Amino acid sequence: MYGDMGKSCKPDPNAKREYPHLYAVFCLDSHNTSYFYIREDSTYYWLHCRKNIDDVEVDAHEIQLDLFGNPVLSKDFIMKAILSV
């Protein structure tokens with residue numbers, strides 16, 4: 001009965017990425033959260049969710065990509081993007 005426990009927790013190596021793909025989540029407090037997504041065309045955007053305010057989607061311009069294509073998210077970049085909305 002318990003012989004297969006834990007085996008299903010491994011990620012599928014053949015899984016295809018679905019878009020938009022959630023790259024990171026930033027919880028500012030219990031009512032304010034920002035999500036960082038990647039689109040299929042390799043562009044990035046923020047989704048800012050605030051309590052009692054409509055969600056805001058903002059393109060992430062001026063993002064620095066490293067050699068392998070993952071974004072380099074500095075703390076200054078994150079806070080400027082989150083607090084600018």
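The structure under discussion appears in the preceding block.
Keep in mind the model is a prediction, meaning the values are calculated, not measured. (Residues numbered from 1 in each chain as written. Predicted model: local features only at pLDDT ≥ 70, side-chain atom pairs only at ≥ 80, totals over all residues. Heavy atoms only, no water.)

The next subject is the packing of aromatic side chains. The final tally for this structure, using the stated rule, is 6 aromatic pairs. Measuring from ring centre to ring centre gives 6.5 Å for Tyr-35 and Tyr-37, while their planes differ by 40°; the resulting arrangement is tilted. Relative accessible area serves as the criterion here: at 25%, Tyr-35 is assigned to the partly exposed category. On the basis of relative accessible area, Tyr-37 is assigned to the buried category, the value being 17%. With 4.7 Å between their ring centres and 55° between their planes, Phe-36 and Trp-46 make a pair best called tilted. Highlighted residues: Phe-36 in strand 2 (residues 32-38) and Trp-46 in strand 3 (residues 44-50), separated in sequence by 10 residues. Neither Phe-36 nor Trp-46 differs from the other in exposure class; each is buried. Each residue in the set Tyr-23, Phe-26, Phe-36, Tyr-44 and Trp-46 is aromatic and connected to the rest through ring pairs, giving one cluster. (Phe/Tyr/Trp six-rings, centres within 6.5 Å; stacked < 30°, edge-to-face > 60°. Buried < 20%, exposed > 50% of the residue type's maximum accessible area, 1.4 Å probe, protein only. Helix = DSSP H or I, 4+ residues; strand = E, 2+ residues; numbered from the N terminus.)

Here we come to the pattern of salt bridges. Taken as a whole, this structure holds 2 salt bridges when the rule is applied. Put simply, Asp-59 and Arg-39 hold a salt bridge, and the shortest N to O gap is 2.8 Å. Highlighted residues: Asp-59 in strand 4 (residues 53-59) and Arg-39 in the loop between strand 2 and strand 3, separated in sequence by 20 residues. The partly exposed category is assigned to Arg-39, whose relative accessible area is 23%. Each of Arg-39, Glu-57 and Asp-59 takes part in one network of salt bridges that share partners. (Salt bridge = Lys/Arg side-chain N within 4 Å of Asp/Glu carboxyl O.)

In terms of nonpolar packing, the biggest core is built from 11 residues, these being Ala-24, Phe-26, Phe-36, Ile-38, Tyr-44, Trp-46, Ala-60, Phe-77, Ile-78, Ala-81 and Ile-82. Among the elements of the structure, strand 1 (21-29), strand 2, strand 3 and helix 1 (75-83) are those that each provide at least two residues to this core. With 4 residues, the top contributor of residues to this core is helix 1. Not counting residues up to four positions away in its chain, the partners in contact with Ala-60 are Phe-36, Tyr-44, Tyr-45 and Trp-46. (Core = buried A, V, L, I, M, F, W, Y, C linked by side-chain atoms within 4.5 Å. Contact = heavy atoms within 4.5 Å.)

What follows deals with a nonpolar patch on the surface. Together, Leu-28, Met-79 and Leu-83 line one region of the surface with nonpolar side chains, adding up to about 270 Å² of accessible area. With respect to the helices and strands, the residue Leu-83 is situated in helix 1. (Patch = residues over 30% accessible without salt bridge, like charges linked within 9 Å, V, L, I, M, F, W, Y side chains within 5 Å. Areas by Shrake-Rupley, 256 points an atom, 1.4 Å probe, with all protein chains shown as cover.)

For helix 1, every residue scored as buried is listed here: Phe-77, Ile-78, Ala-81 and Ile-82. Viewed along the axis of helix 1, the buried residues span an arc of 120°, placing them on a single side of the element. Across from the buried face of helix 1, at angles greater than 90 degrees, the exposed residues are Lys-75, Asp-76, Lys-80 and Leu-83. (Arc of directions from axis to C-beta.)

None of this, on its own, says anything about what the molecule does.
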